[in-house]
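If you want the building blocks of each chain, they are given just below.
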Amino acid sequence: MAERAGGGQGRVRVVLIGAAVLYVGTLVLLPAFSLLRGALGGGLRPFVEVLARPDVLAALGMTAKLTAFAVVVNGTLGTALAFVLVRDRFVGKRVLHALVDVPFALSPVAVGVVLLSLFGKGGLLRPITDALGWEVAFAWPAMAMATAFVTLPFVVREVGPVLEEMGTDQELAAYTLGASPFVTFFRVTLPGIRWGLAYGTTLTMARAIGEFGAVLLVSGGIAGKTETATVFVYRALEDRDDRGAYVVATVLALASIGLLLLLDLMRRKRGARAEPGG
Amino acid sequence: MELSEARPTGRSRARGQPLGKLGLRGAAATYLLVMVALPVATLAREGLSKGLAELGRALVHPVARGAVFLTLETALVMAAVNAVMGTLIAYVLVRYRFPGRKLLDVLIDLPFAIPTLVTGMMIVTLLGPRAALGQLFEAAGVRVVYAPPAIILALLFVTLPLVVRTVQPVLHELDRADEEAAYTLGASEWTTFRRVTLPAIAPAIVSGALQSFARALGEFGSVVVVAGNIPRRTLTAAVHVFGEVESGDVHAASAMSLVLVTISFCVVLVVSARQRGAHG
Amino acid sequence: MGIVARDLVKRFAGGSGRAVDAVSFEIGSGELVALLGPSGGGKTTVLRILAGLESPDEGRVLLRGVDVTDVRVQERNIGFVFQSYALFRHMTVRENVGFGLEIRGKSRTEIDRVVSELLALVRLAELGGRYPHELSGGQRQRVALARALAPGPSVLLLDEPFGALDAKVRLELREWLRRLHEERAITTVFVTHDQEEALSVADRVIVMNRGKVEQIGTPEEIYDRPATAFVAGFVGSINELEGEVRGGRAALGSLAVHAPPGAGDGTSVRAFVRPHDVELVGVTSRVEKRSSVEVATARVERLVRVGWMVRIELTLDDDQPLTVELTKDRVAELGLAEGEEVFVNLRDAKLFVQDYSI
Ligand SMILES: Nc1ncnc2c1ncn2[C@@H]1O[C@H](COP(=O)(O)OP(=O)(O)O)[C@@H](O)[C@H]1O
Ligand SMILES: [Mg+2]
C-alpha cells in the first residue's frame, strides 16, 4: 500500500510516528535492556556459573517438561476441539465455544485457587487421589494441569479459523480421488492447517514457559523439585539471590524473544500462502 | 479400481462418522468440559460455600475492599491510556511506512511472549530504588516502584498488544477511498480521522480496551514484583488472593477469585456480544 | 449405459422442500452431457449424488450398469472437478495431479509418466513445480481436470467448470473439453447455467429447474422444440409476449402467429420469441404496408451495438417491448435510427397455453 495522505501531513506524520516509537521504546525496550544489563553486568562468567547450578537446571528442566506436556495435550486435543467447533453442529455448541476462551478471562491465581480447592488439603477430589495414592497438589500433576489450562485456547483459536477458511472441498476432492478419510486427514487436512497449528503451538509454548501465578500457587515451591523457572526467579528475588534471578529471567526473556521471532517468521510464511489456492 | 469390486458399506459413507472420529471428538469435548467448566463450577462452589453473606463479609474487610478498589482504579487508568496509545500505534503501523516499522510491529507482541514475572523485574531494574532512573524520580519526589504508578506501568506493558492488535486489522480493512473522499471534499487529516476513520474503528478500540481491562484485573506476575504489596495501599486483588492462600485461608482466596472472575467474565461477555453484533 | 439416475430425491435439513425432486435420466457410455438450469435448480446436488458426495433420500444411481447407491465415493472410480477447483494448496501441480495415483499405490515411475503425459495434455508441462496460488484461473482449472483424469476414471463430473473464468479463456477451455472428450471418450457430465455453453459443447442437454428435469434432448431439440414454457424462456429467448387465441391465430397484441394445435378460441397463450425470429420489414415512411402479412408498427427506442450485431429495442404500438437483433450491415441498409417507426413481423414463436392450474 503506497503511502498517501491529504493536508499538511508532513509534521503530523513525524509527530505520530515519534509518539508511537517513543511510547513503545520506553514501555518495552528500555526495561528489557535494563534487565539485560543487570544480568550481563558482571560479564558472561557468572552467567554460566548460575546456569550450572543444580537448582537452576532443575527449574529449567521442569519448565521444559511442563511446556512439552502443554504442547502435546493442547496440540492434539486443541486441534480436535477446533474440528468439533468448526465442523460439527450440535446443541450447546455456543456454550462450548464460549468455554474455550474462559482460561483467558481467568486470573492465574484463580486457576491456582481452583486446583487447590480440588486437590489441596481438604480438597474436593482429595479423597479420590489419596485412595489412588496420587500426589497431585504441590507436585507436577497440578502444575501440568495449571499449564495446560492457561494455554488451552491458543491452538483452538489458531486452527479454528484456518479450518473454517479451508472448507471441506479439498477433503472431498481427495475422497473422489480414492483417498480414505484417514489418508485424507494426514495428506490433505493436516498439511492444510499446519501453519495455524504451528502458530498456535508456538503461542502455547511461549505462554507455558512464562506461566507463573497458577504454578506458584500449586507448586509448593520445593527447590530442585517442584520449581519452574519462573517460580525459581520469584524465590531467588525473595532470597536476595539477585544474580540467580537476573540470569534465569534473562534466559526466559531470550527464549520468549526467540519464540516471538519464530512467530513473526511463521506469520509471514503463512501470509504468503493465505491467498486462495484452489 | 474396478467398480465391480466396490463394497456397499450401508448408510455410512464419506459423510458418515467413523467411530474413531467420534471418539476423538468426544474426547475433545470432554477435555474442554473437565478442564474449563469444572474449575469454574468449583470456584463458584467454594466462593459461595458459606453463603452470599459470608462472601460479602469477606469483601467488606478493609484490606479486601482496598485491594478491589486499587485493582479497578489501576485497570481503568491503564485501559484509558491503552485505548489512546494503542489506537495511535495501530494507526501509525497501518498508515505510515518508515524505517523501523517492522521492528515496531514485532515489538508490540513482545509483552505477550515475555513472562509477566520477568516484566515486573524489568520495571524494577529500571525504576527501582537502586536504579539510576529510579533515584532520579525519587529525588524529584515521585515514587514509581512499590507504588500505584508502577502497577499501571506493568499493566500497560502486559496489555500493550490488545488494543493495537484489535484495531490494526479493522484499520487495514477500512476502505481508504472513504478517507480520500473526505480529503477531496477539503477535510484536513485530523477532521478526516475524527469524522470518518474514528467512527469506523471505535468498536474495535472499545473491544480492545475492555479486553485489556479484563486482563488487568487478574494480572499477578508483574504486579507482585513491582507493587510492594502493602495492604490497603499497593495490594491488588490478585496479589491479595495469593496472600490468603499463603496464610492458609483458601476460602477467602476463593471468594476474592470469584469476584475477579465474575467481573472479567462480564467484560468478556460484553466484548463477545459486541463482536457478534458487529458481524450481523 | 454409462450413468443411470433413477427417481433421485434429496431434501436438505433446514431447506424448504426438495432440492432434487424425482430426477431420472440415462447417459450412454462415452456421452458428453450438460446439466443446464438456473442457479439453485439442483444441478450441483445431482452431480454430487452421482459422485457419492451426497446420498439421495430416495432413488438409485448406476454407474456402468452397477448399482453404486451405497458405494463410498472413494470406490466409485469417478473424476470430479469442483467449482472452486479444490486444488490441494500445499502441493505442487505435479503432486496434485499424481495424488490419485499415489493413493492407488502406483509406482513412482508410472506416476511420473502419467503426470507428465497429462500435464502435456493440459499444456502445463512447464508449470509442474508451481503451487496453485502461483497459477491463473484457467491454469488452475486445467490442473483440476488433469488431477481428475489421472487415475483413469470411468466417469468425469464437472461442476460449473468454466464459470469463474473470463470470456476468452472460457471459450478456449470449452473447445478443449470437447476435443479431450473426443480423444478419450470418457462419459462426461458437466453442470452449467450458461445455455450457450451447454448447447455448443454437449451431445445432449438435461435442463433442470426447481429440482425437476424439464427436458432432455440434443441441443437442436432443446433449442427448436422446447418442451415447456420454462425451457423456451431459459434457452435463447428474450421476448415474452402474452395474448390469446382468436380465429385460429394466436393474437399477441398487434402481432399474430399461428395458434398452438388444439387450442380453442379464447385460450390464453404465452409466446417466446427469439430476437432473430422478428422480421424488421422496414421504416414506415419508406415501405408500403403489405396487407397480406400481419405486420405491426413499432417505435425504435434504442440501438445498441454489440460487436458485429446490433440489438434494437422496440416498443410495439400496444406498448409491449420487443428486442430484435440484426447485423450492422442490415441496420445500415434499412436506414434505422432511434425514434423512427418501423413495421415488424414474427417469423416464428414458441407458444405455450397458459397454465392456470396453480
Ligand atoms: N448442503 C445444503 N444444505 C441445505 N440446502 C442446500 C445444500 N446444498 C444445496 N442446497 C439447496 O438445494 C437447492 C439446490 O442447490 P444446488 O444443487 O446447489 O443448485 P445449483 O447447482 O443448480 O445452483 C438450493 O435451493 C440450495 O439452497
Ligand atoms: Mg451449483
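Cut-off values and rules
- Residues numbered from 1 in each chain as written.
- Chains lettered and ligands numbered in written order.
- Predicted model: local features only at pLDDT ≥ 70, side-chain atom pairs only at ≥ 80, totals over all residues.
- Heavy atoms only, no water.
- Buried < 20%, exposed > 50% of the residue type's maximum accessible area, 1.4 Å probe, protein only.
- Helix = DSSP H or I, 4+ residues; strand = E, 2+ residues; numbered from the N terminus.
- Pairing = 2+ DSSP bridges.
- Domains from an automatic or database assignment.
- Contact = heavy atoms within 4.5 Å.
- Buried area = accessible area lost by both parts, 1.4 Å probe.
- Salt bridge = Lys/Arg side-chain N within 4 Å of Asp/Glu carboxyl O.
- Expected span 1.5 Å × (residues − 1).
- Near = heavy atom within 4 Å.
- Polar contact = N/O pair within 3.5 Å; in protein donor to acceptor, adjacent residues only side chain to side chain.
- Areas by Shrake-Rupley, 256 points an atom, 1.4 Å probe, with all protein chains shown as cover.
- Nonpolar A, V, L, I, M, F, W, Y, C, P; charged D, E, K, R; others polar.
- Phe/Tyr/Trp six-rings, centres within 6.5 Å; stacked < 30°, edge-to-face > 60°.

1. Some thoughts on the pairing of strand β19 (residues 341-346) of chain C
Residues and elements named next belong to chain C. Of all six residues in β19, five are buried, a share of seventy percent or more. Both strand β15 (residues 278-283) and β19 contribute to a ladder of five bridges, which runs antiparallel. For Gly282, the partnering residue across the bridge sits in β19 and is Phe343. Note that strand β16 (residues 296-306) and β19 share four bridges and pair antiparallel. From the neighbouring strand, Arg299 faces β19, where its bridge partner is Glu341.

2. What to know about the domain arrangement of chain C
Residues and elements named next belong to chain C. Segmenting chain C into domains produces domain 1 (3-234) and domain 2 (240-353). A C-alpha centroid distance of 40 Å is found between domain 1 and domain 2. Of the residues lining the interface, eight residues belong to domain 1; the matching set on domain 2 comes to six residues. In this assembly, domain 1 packs against domain 2 so that about 600 Å² is buried in total across both faces, 60% of it on carbon and sulfur atoms. Its largest share of buried area at the contact with domain 2, domain 1 owes to Tyr223, Ala229 and Ala232, together 68% of the area lost on that side. Counting across the interface, domain 1 meets domain 2 through zero salt bridges. Looking at the side of domain 1 that touches domain 2, the elements with two or more residues in it are α7 (219-224) and α8 (229-234). Element by element, the count of residues in the side of domain 1 that touches domain 2 is highest for α8, at three residues.

3. Some points on the domain arrangement of chain A
Residue and element names in this part refer to chain A. Assigned domains of chain A: these are domain 1 (1-40) and domain 2 (41-274). Placing the centre of domain 1 and that of domain 2 at their C-alpha centroids yields a distance of 32 Å. The partner domain 2 presents 10 residues to the six residues of domain 1 that form the contact. For the pair domain 1 and domain 2, the summed buried surface comes to about 670 Å²; carbon and sulfur atoms form 67% of the total. Per-residue buried area on domain 1 facing domain 2 is highest for Leu35, Ala39 and Leu40; these three make up 75% of the total on that side. There are zero salt bridges connecting domain 1 and domain 2.

4. Structural notes on helix α6 (residues 108-119) of chain A
Residues and elements named next belong to chain A. Between its first and last C-alpha atoms α6 spans 16 Å; for 12 residues at 1.5 Å apiece the expected length is 16 Å, and the two agree. Counting buried residues in α6 gives 12 out of 12 residues, a clear majority hidden from the surface. Every buried residue of α6 is listed here: Pro108, Val109, Ala110, Val111, Gly112, Val113, Val114, Leu115, Leu116, Ser117, Leu118 and Phe119.

5. Notes on the site of ligand 1
All names here are of chain C. For ligand 1, the full set of nearby residues is Phe12, Ala19, Pro38, Ser39, Gly40, Gly41, Gly42, Lys43, Thr44 and Thr45. Between ligand 1 and Gly41 there is a distance of 3.1 Å, counted from an oxygen atom to a backbone nitrogen or oxygen. Thr44 places a polar side-chain atom, nitrogen or oxygen, 2.6 Å from an oxygen atom of ligand 1. Its free accessible area being 560 Å², ligand 1 has 57% of it covered by the protein chains. At three residues, the largest contribution of residues to the shell around ligand 1 is made by helix α1 (residues 43-51). Its residues assigned to classes, the shell around ligand 1 comprises three nonpolar, six polar and one charged.

6. What about unusual backbone geometry?
Residues other than glycine seldom take positive phi values, yet B:Arg232 does so here, at roughly 70 degrees. In this structure, B:Arg232 sits in the loop between α10 (221-226) and α11 (237-246). In this structure, C:Ala185 takes a positive phi of about 55 degrees despite not being glycine. Residue classification places C:Ala185 among the partly exposed positions, given a relative accessible area of 45%.

7. Considering the packing of aromatic side chains
All names here are of chain A. Per the stated rule, a full pass over the model turns up 16 aromatic pairs over all chains. Measuring from centroid to centroid gives 6.0 Å for Phe69 and Trp140, while their planes differ by 85 degrees, and the two rings are edge-to-face. Of this pair, Phe69 sits in helix α3 (residues 54-87) while Trp140 sits in helix α8 (residues 140-166), placing them 71 residues apart in sequence. Under the relative-accessibility criterion, Phe69 is labelled partly exposed at 30%.

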